[in-house]
Amino acid sequence: MNNNKKNFNAYFLVILGLMFLAAWMFRGLTGQETDYTRGELVENLEAGDVIEAVIQPNKETPTGVVRVFLKSGQERTLYATDIKEMEAELRAYGLDPQVRDIPRENWFMTSIFPILLVLVVGVFFFVMMNAQNSGGGGGNAKMMNFGKSRARLTLDNKVTLKDVAGLQEEKEELEEIINFLKEPGKFTRVGARIPKGVLLEGAPGTGKTLLAKAIAGEASVPFFSISGSDFVEMFVGVGASRVRDLFADAKKHSPCIVFIDEIDAVARRRGTGMGGGHDEREQTLNQLLVEMDGFGANEGIIVLAATNRVDILDPAILRPGRFDRKITVSAPDVRGRREILGVHSKNKPLAEDVNLEQIAQTTAGFTGADLENLMNEAAINAAMDNRAFVKQEDIKKSFIKVGIGTEKKSRIISDKEKKITAYHEAGHAILFHVLPDVGPVYTVSIIPTGLGAAGYTMPLPEKDEMFMTRGRMLQDIMVSLGGRIAEEIIFDDITTGASSDIKKATKVARRMVTRYGMSDHIGVINYDDDDDEVFIGRDLAHAKSHSELISGEIDKEVKEIIGDCYAKAKAIIAEHEDILHKCAGLLLEKEKITREEFEGLFVTKNEEPEDFFKKS
Ligand code: ADP
Ligand code: MG
Ligand code: ZN
């Protein structure tokens, strides 16, 4: 609070300073011009150009101002050091100068007007900023609260976990947080440390905001919500002061949840210097980190943040004691979609021909928001038709509308595409499982990621290993090629979907040759001067450190490695073709399968010495 005032005073001083500067400048502009010299006056008098002259003497000194009106219509002003002498001279030329008092300077124009002007501009800015900020925060018309947090405080939150369909794993992970907020004492008694910050990460519309609200509702604690972009202002220091204010407020309401939506707006990687440094944002981020470090682990404030761009976040916010818990909120699978459709058709009377199962099946890649939109459009269709209930037909119609509207994000996927993806991912998964140094598989999914991938196969998070072995790298290459190989075996044709896999495999192979000295013919020499890949096109700019001959050798080696891996991987997949079919079948049914479900496929197949490859 105190700091807030200080900050505000600083702005006030700056504006005051600006006013004086402006006033001073205006004085200069409106003051008389004094470029008329005595010599010129004499010239004009001699030429008979002067029609009239007015003398305005000063009271205390013999000085004064002489206004001279010329034949040409001009008016000139001369500052005279001796008015009496001047008068005599003018009379000598036959003029009869009038003598008047000096008129009061136009004080309105020279001093009041500029101040008014600056005031008006200032007020305009205040209003502008306020309008801009209260946009989401509910008609906040107070004028001078720059540094106040813009957070919306919700005390009686009605959203609970029941309103969040699907997202089973995500909900489970958040359970302990809800428990903590409900009964902080239970945890503090035994000295348990509860995470201060939880980062919800996932594509837009997957329900991150909804989930955050539901946690607060479920625990019935106050919910402060603010968007990352609300912190970012044109004045340095405002964001930081808002963060301070937000946390001061939160402490008063603890236990509570502080939710920062779209945190990437403030927590972008610092110091990248892209498009010029942004001091304001850095200060804001620093303040956020300071605040998060500042309150005790069990003070009862849990900071939730949401983003769909973890990749651009400053790593500092992910450190222990900050957002040390990361929860990925993914697009729903068939079952999740069925549940979400259920939630959003609750208050929509459905005709008996509506088949939500079938809708769920055909909406692979739709997020919760897409499905909500779909049902809403269907209801609109029904209303347009003057019906009080929604028919399957309405949903189908809106399907096209929604599907086209969100074309890029969540394309409707054809059955053929789905099938290819299922086999592709199954190919990766089998190799992960069978090869000894990679895997085990954690999830296999054919739900489009929204980032362009049709599906993914995810191993358990990697252990920190000091070295990669040659064997491990070869197996990585094999796994990468697995998708393409499965397509080839099953469809006798291949798709473009494997391009990033191929790129990855090639990169690993090239590194083995040029960086790690792992090839047969090239030897233990580093031909890789591309240490960090900060600059795209660096290869082009830098002269290669080796000859064309070596380049050719390298390419040959890389090709050999990839070819070798391809053959080996293909043999393994061919050997497990039955599992490939089963895995793809299961994927088509469930869209996302867990480690247990996947490994189950191997167990039922045989009790043979598969143990050799078994992983812990
Ligand atoms: P995000 O914050 O991830 O972009 P939102 O939480 O704002 O997504 O979701 C937008 C809307 O989509 C929600 O208000 C809700 O109506 C719907 N929605 C998204 N996910 C779900 C879900 N799991 N269950 C029910 N509705 C959902
Ligand atoms: Mg959101
Ligand atoms: Zn792949």
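Values in this document were obtained by computation on a predicted structure and should not be read as measured data. (Residues numbered from 1 in each chain as written. Chains lettered and ligands numbered in written order. Predicted model: local features only at pLDDT ≥ 70, side-chain atom pairs only at ≥ 80, totals over all residues. Heavy atoms only, no water.)

**Student:** Where do I start with the sheet that holds strand β1 (residues 50–57) in this structure?
**Tutor:** Through backbone hydrogen bonds, the strands of a sheet pair up, either in parallel or in antiparallel fashion. Here 4 strands make up an open sheet; going across it, the order is β3-β2-β1-β4 and the pairing mixed. The sheet is open, and its two borders are formed by β3 (75–80) and β4 (98–99), each paired with just one other strand. One ladder, built from 7 bridges, connects β1 with strand β2 (residues 64–70); its direction is antiparallel. Pairing of E52 across the sheet is with F69, part of β2. Across the face of the sheet, helix α2 (residues 38–47) comes into contact with β1, β2 and β3 while running at roughly 130° to β3. (Pairing = 2+ DSSP bridges. Helix = DSSP H or I, 4+ residues; strand = E, 2+ residues; numbered from the N terminus. Contact = heavy atoms within 4.5 Å. Axes fitted to C-alpha atoms, helices over the stretch in contact; angles between N-to-C directions.)

**Student:** So what exactly am I meant to see when it comes to helix α16 (residues 499–514) here?
**Tutor:** The α-helix advances 3.6 residues per turn, and as a result positions three or four apart in sequence lie on the same side. Given a rise of 1.5 Å per residue, 16 residues ought to cover 22 Å, and the 22 Å separating the end C-alpha atoms of α16 matches this to within 8%. For α16, the set of buried residues is D501, A505, V508, A509, M512, V513 and T514. (Expected span 1.5 Å × (residues − 1). Buried < 20%, exposed > 50% of the residue type's maximum accessible area, 1.4 Å probe, protein only.)

**Student:** It is not clear to me how the pattern of salt bridges should be interpreted in this structure. Could you clarify?
**Tutor:** Side-chain pairing between opposite charges can occur once the charged atoms of the two side chains come close. Counted under the stated rule, the structure contains 18 salt bridges. Close ionic contact of D394 with R387 constitutes a salt bridge, the shortest N to O distance being 2.8 Å. Note on accessibility: D394 and R387 belong to one class, buried. Here R595 ties to E599 by a salt bridge, and the two come within 3.2 Å at their closest N and O atoms. (Salt bridge = Lys/Arg side-chain N within 4 Å of Asp/Glu carboxyl O.)

**Student:** Would you explain the packing of helix α15 (residues 470–491) against helix α18 (residues 548–575) in this entry?
**Tutor:** Helix-helix packing is characterised by the crossing angle of the two axes and by the distance between the axes. As a packed pair, α15 and α18 sit with axes 8 Å apart at the nearest point and diverge in direction by 60°. With respect to each other, α15 and α18 are oriented oblique. By crossing handedness, the relation of α15 to α18 is classed as right-handed. On α18, the residues that touch L474, I477, M478, L481, G482, R484, I485, A486, E488 and I489 of α15 are I561, I562, C565, Y566, K568, A569, K570, I572, I573 and A574. Residue composition of the contact of α15 with α18, by class: 15 nonpolar, 1 polar and 4 charged. (Parallel < 35°, antiparallel > 145°, perpendicular 65-115°, else oblique. Left-handed = near helix turned anticlockwise from the far one by under 90°. Nonpolar A, V, L, I, M, F, W, Y, C, P; charged D, E, K, R; others polar.)

**Student:** Where do I start with the environment of T363 in this structure?
**Tutor:** Mapped onto the secondary structure, T363 falls in the loop between α11 (356–361) and α12 (368–384). When its relative accessible area of 0% is taken as the criterion, T363 is described as buried. Between the alpha carbons of T363 and S414 there is a distance of 9.9 Å; along the sequence they are 51 residues apart. Not counting residues within four places of it along the chain, the set of residues in contact with T363 comprises R337, L371, L374 and F399. One polar contact links the side chain of T363 to the main-chain carbonyl oxygen of I359, over a distance of 2.8 Å. Within the structure, T363 has its side chain in polar contact with the backbone oxygen of A360 (distance 3.1 Å). (Polar contact = N/O pair within 3.5 Å; in protein donor to acceptor, adjacent residues only side chain to side chain.)

**Student:** How do you make sense of the coordination of the zinc ion (ligand 3) when you look at a structure like this?
**Tutor:** Six octahedrally arranged donors around a metal ideally form angles of 90 or 180 degrees; four tetrahedrally arranged donors ideally form angles of 109.5 degrees. All of the protein donors around the zinc ion (ligand 3) are H424 (NE2), H428 (NE2) and D501 (OD); their distances to the metal are 2.0 to 2.1 Å. Counting gaps between the donor residues of the zinc ion (ligand 3) yields the pattern H-x3-H-x72-D. Of the two residues, H424 is situated in helix α14 (residues 415–434) and D501 in helix α16; the sequence distance between them amounts to 77 residues. Per residue, the accessibility class of H424 equals that of D501, and both read buried. (Donors = N, O, S within 2.8 Å, 3.2 Å for Na, K, Ca; no water.)

**Student:** Explanation requested: the sheet that holds strand β13 (residues 592–594) in the structure shown.
**Tutor:** Spatial ordering of the open sheet is given by β12-β11-β13, a layout of 3 strands whose pairing is antiparallel. Of all the strands in the sheet, the pair left with one neighbour each is β12 (456–459) and β13. Across the sheet, the mean angle from the axis of one strand to that of its neighbour is 10°, orientation sign disregarded. Sheet analysis places strand β11 (residues 441–445) next to β13, joined by 3 bridges and oriented antiparallel. The partner of S445 across the bridge, within β13, is K592.

**Student:** Would you explain a negative patch on the surface in this entry?
**Tutor:** The grouping of E169, E172, E173 and E175 at the surface amounts to a negative patch. Here E169 is to be found in helix α5 (residues 168–182). Residue classification places E169 among the partly exposed positions, given a relative accessible area of 43%. (Patch = residues over 30% accessible without salt bridge, like charges linked within 9 Å, V, L, I, M, F, W, Y side chains within 5 Å. Areas by Shrake-Rupley, 256 points an atom, 1.4 Å probe, with all protein chains shown as cover. Lys, Arg positive; Asp, Glu negative; His and termini not counted. Charge placed at Lys NZ, Arg CZ, Asp CG, Glu CD.)

**Student:** Any chance you could explain the pairing of β11 here in plain terms?
**Tutor:** Side-chain direction in a regular strand flips from residue to residue, so the side chains alternate between the two faces of the sheet. Within β11, 4 of the 5 residues are buried, leaving the element largely enclosed by the surrounding structure. Relative to β12, β11 runs antiparallel, the two being bridged by 4 bridges. Counterpart to V444 in the pairing with β12 is T457.

**Student:** Would you take a moment to explain the nonpolar core for this structure?
**Tutor:** Most often, soluble globular proteins keep nonpolar side chains buried together rather than apart. I477, M512, I561 and F598 are the most contacted members of the largest nonpolar core, which has 48 residues in total. If you list the elements that add at least two residues to this core, you get α14, β11, α15, α16, α18, α19 (577–590) and α20 (595–605). Looking at this core, the element that brings in the most residues is α18, giving 9 residues. Apart from residues lying up to four places away in sequence, I561 is in contact with L474, I477, A509, M512 and V513. Residues I178, I194, F259 and V329 belong to the second largest nonpolar core, which totals 27 residues. (Core = buried A, V, L, I, M, F, W, Y, C linked by side-chain atoms within 4.5 Å.)

**Student:** Can you walk me through the packing of aromatic side chains in this structure?
**Tutor:** Geometrically, a pair of aromatic rings is defined through the distance of the ring centres and the angle of the planes. This structure, assessed with the given rule, holds 4 aromatic pairs. Both rings, one in Y423 and one in F491, keep their centres 5.6 Å apart while their planes meet at 90°; by these two values the pair is edge-to-face. Taken together, the positions of Y423 in helix α14 and F491 in helix α15 put the pair 68 residues apart, joining distant regions of the chain. You can call Y423 buried: its relative accessible area is 8%. Residue F491 is classed as partly exposed on the basis of its relative accessible area, which comes to 22%. (Phe/Tyr/Trp six-rings, centres within 6.5 Å; stacked < 30°, edge-to-face > 60°.)

**Student:** I would appreciate a short explanation of unusual backbone geometry in the present structure.
**Tutor:** In this structure, the amide linkage connecting S254 to the following residue, P255, adopts the cis form with an omega of 0°. Locating P255 in the fold gives a position in the loop between α8 (238–252) and β8 (256–261). If you check the backbone angles, S220 has positive phi at about 40° while not being a glycine. Among the secondary structure elements, S220 is positioned in the loop between α7 (208–219) and β7 (223–227). Positioned with a positive phi, E262 is a non-glycine residue whose angle comes to about 45°. As for its position among the elements, E262 is in the loop between β8 and α9 (279–294).

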